[in-house]
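Breakdown of the fold
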Amino acid sequence: MSIIYAIDIAGTFAFAISGALVAMKKDFDVFGVIIIAFVTAVGGGMIRDVLINAHPINWIGDINYIWTILTAVGVTFLFRSKIAPLRKTMFLFDTIGISVFTLLGLQKGLSYELHPFVALVMGMVSAVFGGVIRDVLTRKVPLIFKKEIYASACLAGGVIYLILGNFNLNEDLRFILSAAAIIIIRTVVVKYELELPKIKKDILGK
Amino acid sequence: MSIIYAIDIAGTFAFAISGALVAMKKDFDVFGVIIIAFVTAVGGGMIRDVLINAHPINWIGDINYIWTILTAVGVTFLFRSKIAPLRKTMFLFDTIGISVFTLLGLQKGLSYELHPFVALVMGMVSAVFGGVIRDVLTRKVPLIFKKEIYASACLAGGVIYLILGNFNLNEDLRFILSAAAIIIIRTVVVKYELELPKIKKDILGK
Amino acid sequence: MSIIYAIDIAGTFAFAISGALVAMKKDFDVFGVIIIAFVTAVGGGMIRDVLINAHPINWIGDINYIWTILTAVGVTFLFRSKIAPLRKTMFLFDTIGISVFTLLGLQKGLSYELHPFVALVMGMVSAVFGGVIRDVLTRKVPLIFKKEIYASACLAGGVIYLILGNFNLNEDLRFILSAAAIIIIRTVVVKYELELPKIKKDILGK
């Protein structure tokens, strides 16, 4: 479990940096940057825990999330000119983060004896809604609704995790295989610029 | 109770379609459309249940909501060019939906022994806040705050439901009379384009 | 305790007026004005109570909040042309309100045996997030993220409250000293137009 916890913290760190960078570009002050980093990093898990009544919720039950986020904001302030261009590294961290957030959320849902499909939704909520809150607070249309295949990768990985539950696999192996699937799918999709289908406006008549 | 459950599901279906249509007009991808349909349909009840600590919350406790929403999104994708123009039919479904959502929310609040006025607020939250979340996520000023008499119809129906509690009525009849009141008020208001009074900007001095 | 309760209600009243004024300027109807006044006044405490699982949450457990808000909206409608220019009076009420909200939130967090740092966050959530929800629903970038030192004053007052806990002070005195600190800091900051540092966009390379 401790390697998964380490990846969880690393994912939190990566999400906090991505939130801090968005807030800095929007000209927010120090406090605003911390808030945006915070909701980006723990917002998804917080919504999940409130919805499934898992108290204490993520960042209240484990103070390490707060320290991780404050450290990430500090690092972003100090090294912003160096971090911003590191798109590939950031993308890697971010992708590892969402894979772990998805599977941890799914596991938590299952441990609360939710219907597997609801648990799957909880996994996606964990991975995705931090970014949605970030975009609402910074007044962007949540990117994820428009062209990110992000959530679909999480969904696919979650389904794989559920399917693998039918085989006689070691739990760690099951987790790692599913996480790998998310990371590979997202990387391939972004590399080849794949998009989910959209319904054209003109079909809607107006 | 089963006829009320059927109407609840029909209302969920109608709300999901209305959310899906908004998201498609905004050029969202499949995933975005599902999310918007989802929050529109169950967002109000979800907020209500979190606020009154009613776990498992609506769509976690009853998987049928999720199937209903996914079906509604599928139907909207397949028949979008035919559904979009059906304004009157959609309006009817939507109005039946809010009447049922209002009264179910109010009933649930009373069953949790809330103050009747707080239960009334919960009824309105159930009916209205799905649309508010939809509008926030799609970056519209929530329509309901500006010119929809929507919420006022819910409020009136809820008050009628509470008042009817003082008479010796059959519970089903009480529910149906109150729902009819909401449907009639909203239809009359929309037909004659009534609006709640507003305070003009110039009165405010700037 | 009753003087603190009185100030809590006065703060709720002031927050509700500030919310109602924003909604009126945005041309919302009566219902929209009430909703915005409501979330501004009790939104922060509501989020706090949901996150720490304190049920019944603030305005469900005490109906006086609702009456206070409705009264505030009524007063704002009747005397809007007189209230709007009273910027100094409003500022005073508002500042007293946030100082009390911060400290009550912090106290509540401590009484739920949260880590002091998490309790501090809860104090700030109580004071600040009503305004954040108001700004999201009225489609403004939350002001607090950009140039209000508002939250920093709350933070400083909360830290002072925690530090004073190490001394042998009467609880009322501890509360009053911390509240005074918040009021003084915010007043000085606004008077001299101090701002938290920002990271310039051009440093970010784009």
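The rules behind the values
Residues numbered from 1 in each chain as written. Chains lettered and ligands numbered in written order. Predicted model: local features only at pLDDT ≥ 70, side-chain atom pairs only at ≥ 80, totals over all residues. Heavy atoms only, no water. Salt bridge = Lys/Arg side-chain N within 4 Å of Asp/Glu carboxyl O. Helix = DSSP H or I, 4+ residues; strand = E, 2+ residues; numbered from the N terminus. UniProt positions renumbered as here; feature names shortened; annotations may be inferred. Patch = residues over 30% accessible without salt bridge, like charges linked within 9 Å, V, L, I, M, F, W, Y side chains within 5 Å. Areas by Shrake-Rupley, 256 points an atom, 1.4 Å probe, with all protein chains shown as cover. Buried < 20%, exposed > 50% of the residue type's maximum accessible area, 1.4 Å probe, protein only. pLDDT = per-residue confidence, 0-100. Contact = heavy atoms within 4.5 Å. Axes fitted to C-alpha atoms, helices over the stretch in contact; angles between N-to-C directions. Parallel < 35°, antiparallel > 145°, perpendicular 65-115°, else oblique. Left-handed = near helix turned anticlockwise from the far one by under 90°. Core = buried A, V, L, I, M, F, W, Y, C linked by side-chain atoms within 4.5 Å.

Attention now goes to the pattern of salt bridges. All names here are of chain A. For the structure on display, the rule yields 12 salt bridges over all chains. Taking the shortest distance from any N to any O, the salt bridge between Lys-108 and Asp-49 comes out at 3.1 Å. Remark: Asp-49 occurs in helix H2 (residues 30-51) and Lys-108 occurs in helix H5 (residues 87-111); sequence separation between them is 59 residues. By sharing partners, the salt bridges in this structure join Arg-48, Asp-49 and Lys-108 into a single network.

Mapped onto the present numbering, the UniProt feature "domain: Glycine transporter" (unreviewed entry) falls at residues 6-80 and 92-164 of chain A. For residues 6-80 of chain A, the helix share is 84%, the strand share is 0%, and the end-to-end C-alpha distance is 24 Å.

What follows is about a nonpolar patch on the surface. Residue and element names in this part refer to chain A. Taken together, the side chains of Leu-155, Val-159, Ile-163, Phe-167, Leu-169, Leu-173 and Leu-177 present a nonpolar region at the surface, about 570 Å² in accessible area. Of all elements in the fold, only helix H7 (150-164) and helix H8 (171-191) reach the threshold of two or more residues within the nonpolar patch. Here the element with the most residues in the nonpolar patch is H7; it accounts for three residues. For Leu-177, the location among the structural elements is in helix H8. Judged by its relative accessible area of 42%, Leu-177 falls in the partly exposed class.

What follows is about the confidence of the model for chain A. Residues and elements named next belong to chain A. Scored by pLDDT, chain A comes out at a mean of 84, with 88% of its residues at no less than 70. Residue range residues 200-206 is modelled with pLDDT below 50. Its contacts to residues more than four positions away, or to other chains, number 10 contacts. Scoring of the predicted complex yields 0.87 for pTM and 0.84 for ipTM.

This part covers the environment of Ala-16 of chain C. Residue and element names in this part refer to chain C. Turning to its location among the elements, Ala-16 is positioned in helix H1 (residues 2-25). Considering only alpha carbons, one finds Ala-16 and Ile-60, 44 residues apart in sequence, at a separation of 17 Å. What Ala-16 contacts, discounting residues up to four positions off in sequence, is Ala-37, Ala-41, Ile-69 and Ala-72.

Moving on to the packing of helix H2 (residues 30-51) of chain C against helix H6 (residues 116-137) of chain C. Axes are the key here: two packed helices are described by the angle between their axes and the distance separating the axes. Residue and element names in this part refer to chain C. The contact between H2 and H6 brings their axes to 7 Å, and the two run at 135°. Between H2 and H6, the angle falls in the class oblique. Relative to H6, H2 is oriented so that their crossing is right-handed. Across the interface between the two elements, Ile-36, Val-39, Thr-40, Gly-43, Gly-44, Gly-45, Ile-47, Arg-48 and Leu-51 from H2 touch Met-122, Val-125, Ser-126, Phe-129, Gly-130, Gly-131, Ile-133, Arg-134 and Leu-137 from H6.

Looking now at the nonpolar core. One finds Trp-59 and Ile-60 of chain A, Trp-59 and Ile-60 of chain B together with Trp-59 and Ile-60 of chain C to be the most contacted residues of the largest nonpolar core, which totals 191 residues. Excluding its chain neighbours within four sequence positions, the residues that come into contact with Trp-59 of chain A are Phe-38, Val-42, Met-46, Tyr-65 and Ile-66 of chain A together with Leu-51, Val-118, Val-121 and Met-122 of chain C.

Its location among the elements puts Thr-40 of chain A in helix H2. If sequence neighbours within four positions are ignored, Thr-40 of chain A has contacts with Phe-15, Ser-18, Gly-19, Gly-130, Gly-131 and Arg-134 of chain A.

Let's shift gears to the environment of Ile-17 of chain C. All names here are of chain C. By secondary structure assignment, the location of Ile-17 is in helix H1. Along the chain, Ile-17 and Ile-83 lie 66 residues apart, while their C-alpha atoms are 8.8 Å from each other. Those residues in contact with Ile-17, other than ones at most four positions away along the chain, are Ala-72, Thr-76, Ile-83 and Met-90.

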